[in-house]
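Architecture at a glance
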Amino acid sequence: MSENKSVETFETSCCIVGGGPAGAILALILARQKIPVALLEAHDDFERDFRGDTIHPSALEILDELGLAARLHELPHSKIHGGSFMTPGGTLTVADFRRLKTRFPYIMMLPQAHFLEFITEEAKQYTNFQLRMGARVEELIEESGSVVGVRYEDEAGLHEVRALLTVGADGRSSRMRHLAKKEVVKTSPPMDVLWFRLPRRSDDAEGLLARNGSGHLVVMLDRLDEWQIAYVILKGSYGEIRAAGIDALRQSLVSIAPELADRVAHLKEWKQVAMLAVESSRVKQWYQPGLLLIGDAAHVMSPVGGVGINYAIQDAVVAANTLVEPLRAGRIEVRHLREVQRQREWPTRFIQRIQAFVQRVLVANVLRTDRPLQVPRIVRLILRTPLLRDIPARIIAFGLKRVHVKPSLRS
Ligand SMILES: Cc1cc2nc3c(=O)[nH]c(=O)nc-3n(C[C@H](O)[C@H](O)[C@H](O)COP(=O)(O)OP(=O)(O)OC[C@H]3O[C@@H](n4cnc5c(N)ncnc54)[C@H](O)[C@@H]3O)c2cc1C
């Protein structure tokens, strides 16, 4: 940080670093409870292309409990009611959300920027909420073994925020996790993902479609007039694919999804393609005195099942459920922070195990072969047996268990 700028200091009860889904939802719930809260976001806006745009039934139920689901649905969005794998033997339905018991039997596809603007606009109604954009946190302030706030720099200069509780919700490359020297347990997903968009026609198939061929997996997500396409590649092979040229990518795509032949020309240059280096990790201890990590800062999720946003939102709700009263009382103890990890660690480990299994058994095999996937008989049987077939949909929709906003925090 620069040495000769003056330092502005302000105090709040809870300082949240990172205005992603985890930080924004936690800030909103605290703001509604009249708890002084500051949300610090490094970027000047929420625009993000190809971030998680999937809001699953679990998160929609939470937004409903907060009284926001109806208005959220007024924003332009599409709905995915299920997912299918297309194999030589026919289409295999992997998840049908319509059969789940929920008011929201679909995945809502909404640009993450619109979601975050919506949530932070709600929070701005409360004078005890402060949103600081362009505020990149660089340092923790520690006193007597506790984190008591952070220092950040923006265009106006240096700032210190002092808080009873600091929350690191600053995503997969978390600076807070790094500053707190947290030990991270990592696994090695076998893939990376290239994201891009192509036009979608009204007579195209609907929902989420997956299929493989020529050593790649292609997942197509229905976004009304566009397909959002995930082209899954072997980990570390992006350089090779790029060197082969965009035309080779177009040809490979058409060989796997021939119906895209009439529009693949829209993919003209590499800047239309975003590369996601897939990671999966979790920190061993999500807290220390005065500091809690949530969302991707605590656990980076693989894109399998697209659960990252929903787990981030569930973490935020559990943190709010657990911490509102201690924050109101002005006393946050380590046991309160430990309780958040206790409630969220197992659901996270559970889903990460399942993702690792799918990556090992399905994705890694698909990426090693040029032939269309032969789905094992046992998997076909499960997906056709009434009592078992909805297990994948339930796991994707809700995770290990549903999280609810405490009734006292709903208004
Ligand atoms: C390309 C891509 C595609 C994805 N697709 C999906 C999907 O389809 N479905 C899904 O559920 N998930 C998806 N994910 C994952 C999903 O985006 C994350 O799991 C989710 O956003 C995590 O939420 P979060 O609030 O924990 O962190 P983030 O959303 O990462 O938010 C962290 C915020 O902290 C800010 N920040 C970082 N450092 C600092 C700092 N030092 N000071 C202040 N602010 C800081 C960042 O600017 C960011 O706004 C995808 C991720 C990527 C990268």
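Below you will find a few notes about this structure.

1. Here we look at the overall build of the chain
Helix and strand counts for the chain stand at eleven helices and 21 strands. The C-alpha radius of gyration of the chain comes to 22 Å, within 12% of the 22 Å expected for a compact globule of 411 residues. Expressed as a percentage of the 411 residues in the chain, the buried residues total 56%. Accessible surface for the chain amounts to roughly 18400 Å². Of this, 52% is attributable to carbon and sulfur atoms. Across the chain, the mean location of the 55 positive side-chain charges is 8 Å away from that of the 48 negative side-chain charges.

2. Digging into the pairing of strand β11 (residues 157-168)
Of all twelve residues making up β11, ten are buried, and the element is well covered by its neighbours. Of the strand pairs in this sheet, strand β1 (residues 7-17) and β11 are connected by ten bridges, and their pairing is parallel. Opposite Glu-11, over in β11, you have Arg-162 as the bridge partner. Counting the residues in the hairpin turn of strand β10 (residues 146-154) and β11 gives two residues. As paired elements, β11 and strand β20 (residues 291-293) share three bridges and run parallel to each other. Counted as the bridge partner of Thr-166 is Leu-291 from β20.

3. Some thoughts on helix α1 (residues 21-32)
Its twelve residues place the ends of α1 17 Å apart at the C-alpha level, agreeing with the 16 Å of an ideal helix rising 1.5 Å per residue. Taking burial as the measure, the twelve residues of α1 include twelve buried ones, the bulk of the element. Of the residues making up α1, those classed as buried are Pro-21, Ala-22, Gly-23, Ala-24, Ile-25, Leu-26, Ala-27, Leu-28, Ile-29, Leu-30, Ala-31 and Arg-32. With its phi angle positive at about 65 degrees, Lys-34 sits one or two positions after the end of α1.

4. Quick look at the nonpolar core
Formed by 79 residues in total, the largest nonpolar core has its most connected members in Phe-115 and Leu-292. Here the element with the most residues in this core is helix α8 (residues 308-329); it accounts for eleven residues. For Leu-292, the residues in contact, after removing those within four places along its chain, are Leu-165, Thr-166, Val-167, Gly-168, Trp-286, Tyr-287, Ala-319, Leu-323, Leu-337 and Val-340. Residues Phe-97, Met-109, Trp-195 and Leu-221 belong to the second largest nonpolar core, which totals 29 residues.

5. Here we look at the packing of aromatic side chains
All chains considered together, the criterion is met by two aromatic pairs. Aromatic pair Phe-104 and Tyr-106: ring centres 6.4 Å apart, planes at 85 degrees, arrangement edge-to-face. The same class applies to Phe-104 as to Tyr-106, namely buried. Against the face of Trp-227 rests Arg-200, its NZ or CZ located 5.2 Å from the ring centre.

6. Overview of the side chain of Glu-345
Looking at where Glu-345 falls in the secondary structure, it is placed in helix α9 (residues 334-368). For Glu-345, the contacting residues outside a window of four places in its chain are Arg-282 and Trp-286.

7. Examining the environment of Trp-270
Within the secondary structure, Trp-270 is located in the loop between α7 (246-256) and β17 (274-276). On the basis of relative accessibility, which here comes to 13%, the residue Trp-270 falls in the buried class. Spatially, the C-alpha atom of Trp-270 lies 31 Å from that of Pro-88, the residues being 182 residues apart in sequence. Apart from residues lying up to four places away in sequence, Trp-270 is in contact with Leu-194, Tyr-238, Ile-241, Arg-242, Gly-245, Ile-246 and Leu-249.

8. Points about the sheet that holds strand β16 (residues 226-234)
With mixed pairing, the seven strands of this open sheet are ordered in space as β6-β5-β14-β15-β16-β13-β17. Across the chains shown, the open sheet's two edge strands, defined by having one partner strand only, are β6 (90-96) and β17. Across the sheet, the mean angle from the axis of one strand to that of its neighbour is 25 degrees, orientation sign disregarded. Pairing analysis gives nine bridges linking strand β13 (residues 191-199) to β16, with the strands arranged antiparallel. Across the sheet, residue Val-193 finds its bridge partner in β16, namely Val-232. In this fold helix α10 (residues 377-384) packs onto β5 (82-87) and β6, with an angle of close to 55 degrees to the strand it touches most, β6.

Conventions used here
- Residues numbered from 1 in each chain as written.
- Predicted model: local features only at pLDDT ≥ 70, side-chain atom pairs only at ≥ 80, totals over all residues.
- Heavy atoms only, no water.
- Helix = DSSP H or I, 4+ residues; strand = E, 2+ residues; numbered from the N terminus.
- Rg over C-alpha atoms; globule rule 2.2 N^0.38 Å.
- Buried < 20%, exposed > 50% of the residue type's maximum accessible area, 1.4 Å probe, protein only.
- Areas by Shrake-Rupley, 256 points an atom, 1.4 Å probe, with all protein chains shown as cover.
- Lys, Arg positive; Asp, Glu negative; His and termini not counted.
- Charge placed at Lys NZ, Arg CZ, Asp CG, Glu CD.
- Pairing = 2+ DSSP bridges.
- Expected span 1.5 Å × (residues − 1).
- Core = buried A, V, L, I, M, F, W, Y, C linked by side-chain atoms within 4.5 Å.
- Contact = heavy atoms within 4.5 Å.
- Phe/Tyr/Trp six-rings, centres within 6.5 Å; stacked < 30°, edge-to-face > 60°.
- Lys NZ or Arg CZ within 6 Å of the ring centre and 35° of its normal.
- Axes fitted to C-alpha atoms, helices over the stretch in contact; angles between N-to-C directions.

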